Amino acid sequence: MHVFDRLQAVEMRYEKLTELLSDPEVISDTKKLREYSKEQSDMQETVEAYREYKAVKEQLDDAKAMLEDKLDADMREMVKEEISELEEQQENLADRLHILLLPKDPNDDKNVIMEIRGAAGGDEAALFAGDLYRMYSRYAEAQGWKTEVMEAASTGVGGYKEIIFMITGKGAYSKLKFENGAHRVQRVPETESGGRIHTSTATVAVLPEAEEVEIEIHDKDIRVDTFASSGPGGQSVNTTMSAVRLTHIPTNTVVSCQDEKSQIKNKEKAMKVLRARVYDKFQREVQAEYDANRKQAVGTGDRSERIRTYNFPQNRVTDHRIGLTIQKLDQILQGKLQEVIDALIMEDQALRMEQMEK
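Quantities reported herein were computed from a predicted structural model and do not represent experimental measurements.

Rules of the game
- Residues numbered from 1 in each chain as written.
- Predicted model: local features only at pLDDT ≥ 70, side-chain atom pairs only at ≥ 80, totals over all residues.
- Heavy atoms only, no water.
- Helix = DSSP H or I, 4+ residues; strand = E, 2+ residues; numbered from the N terminus.
- Buried < 20%, exposed > 50% of the residue type's maximum accessible area, 1.4 Å probe, protein only.
- Contact = heavy atoms within 4.5 Å.
- Areas by Shrake-Rupley, 256 points an atom, 1.4 Å probe, with all protein chains shown as cover.
- Polar contact = N/O pair within 3.5 Å; in protein donor to acceptor, adjacent residues only side chain to side chain.
- Expected span 1.5 Å × (residues − 1).
- Bend = angle between axes of the 7 residues up to and from the residue.
- Pairing = 2+ DSSP bridges.
- Axes fitted to C-alpha atoms, helices over the stretch in contact; angles between N-to-C directions.
- Core = buried A, V, L, I, M, F, W, Y, C linked by side-chain atoms within 4.5 Å.
- Parallel < 35°, antiparallel > 145°, perpendicular 65-115°, else oblique.
- Left-handed = near helix turned anticlockwise from the far one by under 90°.
- Nonpolar A, V, L, I, M, F, W, Y, C, P; charged D, E, K, R; others polar.
- Patch = residues over 30% accessible without salt bridge, like charges linked within 9 Å, V, L, I, M, F, W, Y side chains within 5 Å.
- Salt bridge = Lys/Arg side-chain N within 4 Å of Asp/Glu carboxyl O.

## Considering the overall build of the protein chain
No. 1: A count of helical and extended segments in the protein chain gives 10 helices and 11 strands.
No. 2: A total of 358 residues make up the protein chain; the buried ones form 41% of that total.
No. 3: Long-range pairs, those at least 24 residues apart, make up 62% of the contacts in the protein chain with a sequence separation of at least 6.
No. 4: As displayed, the protein chain has an accessible area near 20100 Å², and 49% of this comes from carbon and sulfur atoms.

## As for the side chain of arginine 308
No. 1: Along the polypeptide, arginine 308 turns up in strand S9 (residues 306-311).
No. 2: Look at arginine 308 and you get buried, because its relative accessible area is 1%.
No. 3: At 2.7 Å, the side chain of arginine 308 forms a polar contact with the side chain of glutamate 179.

## Things to note about helix H3 (residues 30-66)
Residue pairs three or four apart in sequence face the same way in an α-helix, which turns once every 3.6 residues.
No. 1: Its 37 residues place the ends of H3 52 Å apart at the C-alpha level, agreeing with the 54 Å of an ideal helix rising 1.5 Å per residue.
No. 2: Glutamine 44 marks the point of greatest bend in H3, at about 40°.
No. 3: Those residues of H3 not exposed but buried are Tyr36, Gln40, Met43, Thr46, Val47, Ala49, Tyr50, Tyr53, Val56, Leu60 and Ala63.
No. 4: Its buried side turned inward, H3 meets helix H1 (3-20), helix H2 (24-27) and helix H4 (73-100).

## Section: the pairing of strand S4 (residues 181-187)
No. 1: Most of S4 sits inside the fold, with seven of its seven residues counted as buried.
No. 2: Across seven bridges, S4 lies against strand S5 (residues 198-208) in antiparallel orientation. Opposite arginine 187, over in S5, you have histidine 198 as the bridge partner.
No. 3: Relative to S9, S4 runs parallel, the two sharing five bridges. The residue bridging histidine 183 from the neighbouring strand is arginine 308, located in S9.

## Looking at the sheet that holds strand S3 (residues 160-168)
No. 1: With respect to topology, eight strands assemble into an open sheet ordered S2-S3-S1-S5-S4-S9-S10-S11, the strand pairing being mixed. A single partner strand is all that each edge strand has here, and the edge strands are strand S2 (146-154) and strand S11 (324-326). Strand-to-strand twist of the sheet, defined as the mean angle between neighbouring strand axes without regard to direction, takes the value 15°.
No. 2: For strand S1 (residues 112-118) and S5, the ladder comprises seven bridges, and the chain directions are antiparallel. Note that in S5 the partner of valine 112 across the bridge is proline 208.

## Observations concerning the nonpolar core
No. 1: Formed by 34 residues in total, the largest nonpolar core has its most connected members in Met114, Ile116, Leu132, Tyr136, Ile167, Leu176 and Tyr310.
No. 2: Only S1, helix H5 (122-143), S3, helix H6 (172-176), S5, helix H9 (329-332) and helix H10 (338-357) provide two or more residues apiece to this core.
No. 3: Counting residues per element, this core draws most heavily on H5, which supplies eight residues.
No. 4: Setting aside residues up to four positions removed in sequence, isoleucine 167 forms contacts with Asn111, Val112, Met114, Tyr136, Ala140, Trp145, Lys146, Thr147, Ala172 and Leu176.

## What to know about the packing of H1 against H3
When two helices pack together, their arrangement is given by the angle between the helix axes and the distance between those axes.
No. 1: Contact geometry for H1 and H3: axes closest at 9 Å, N-to-C directions at 130°. Relative to H3, H1 is oriented oblique. Our pair here, H1 against H3, has a crossing hand that is left-handed. Where H1 approaches H3, its residues Phe4, Leu7, Gln8, Val10, Glu11, Arg13, Tyr14, Glu15, Leu17, Thr18 and Leu20 are matched on the opposing element by Tyr36, Glu39, Gln40, Met43, Gln44, Thr46, Val47, Tyr50, Arg51, Tyr53 and Lys54.
No. 2: For the contact of H1 with H3, the class distribution of residues is 11 nonpolar, five polar and six charged.

## A word on a nonpolar patch on the surface
No. 1: A surface patch of nonpolar side chains, about 270 Å² in accessible area, is lined by Met66, Met75 and Met78.
No. 2: Considering the arrangement of structural elements, one finds methionine 75 in helix H4.

## So, the packing of H3 against H4
No. 1: Between H3 and H4, the least distance of the axes is 9 Å, while the angle of their chain directions is 155°. Here H4 runs roughly antiparallel to H3, going by the angle between their axes. Here the hand of the crossing between H3 and H4 comes out left-handed.
No. 2: Across the contact of H3 with H4, the residue classes break down as 15 nonpolar, four polar and seven charged.

What follows is the structure, encoded as structure tokens:
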């Protein structure tokens, strides 16, 4: 189907949904009302851009028709200038519409659960994991999103062996999904007296939050263990059995949570992480064939793949997937990540458009 035939079909469906949403039968059916409202909301940006495109095209046709009339030199020049501006506007809108028609990732609007772990490099890797956690927290804050720590194993010197946290906000997954993978740091550790640069790594996993309706986890498939919380070095934090370990038996997925003093709250947090991990596992299996066909795209990253290097001596950040190098490491670690995220999204969109046109 031609692009503009598809846009016409989208606009017709949008108008039909407007009718349906004022139908008393639909209004009284909560499920249908939610379903149709979401469908229309997802189409809104595309329909508005398409209507703007049609309005610009109409103005352009009128301006070109004026050139056929007898005009004085000044008026002719003004019309030509207007045509040039409208043509540029039309071209920009056409590019935007092509992107809006790309198949949407169903997880894009979701909250995310991020898991950061220190990998190679001991204490230095754990410190770097802490830097990454703070970087994403600051970015989330700048976006107006909320951050909540689900579980953390700190090293006591500002680092984390592992930290799991949730970021709540519209479109969080769409912006953070390309952060999946191994992040490498090159810097001189404070403990290094000889001034030698060390290389350490931390891994980042970005999971879309899974709703209960999307993935059903039966109580009979979960083993629940409780234990006393402990702090760094095994020091007892409390003597009550408030910490919770959940094991999803069919997939052997294990989640522990001891961040809260209440066993109920720890279980709630652990369940959110468990649901996200099981959903992610099933998604990866189901989409294996799809992913194989998308090898050229940026993708959401194999977690063992080294995706980015943070070089402190040169104040440089390099994203290896798209060959992007920025001399602003200090700003990026303060959460000013948008330039990198925009570049990854644009590259992914360009590659997906190429594939659609094949």
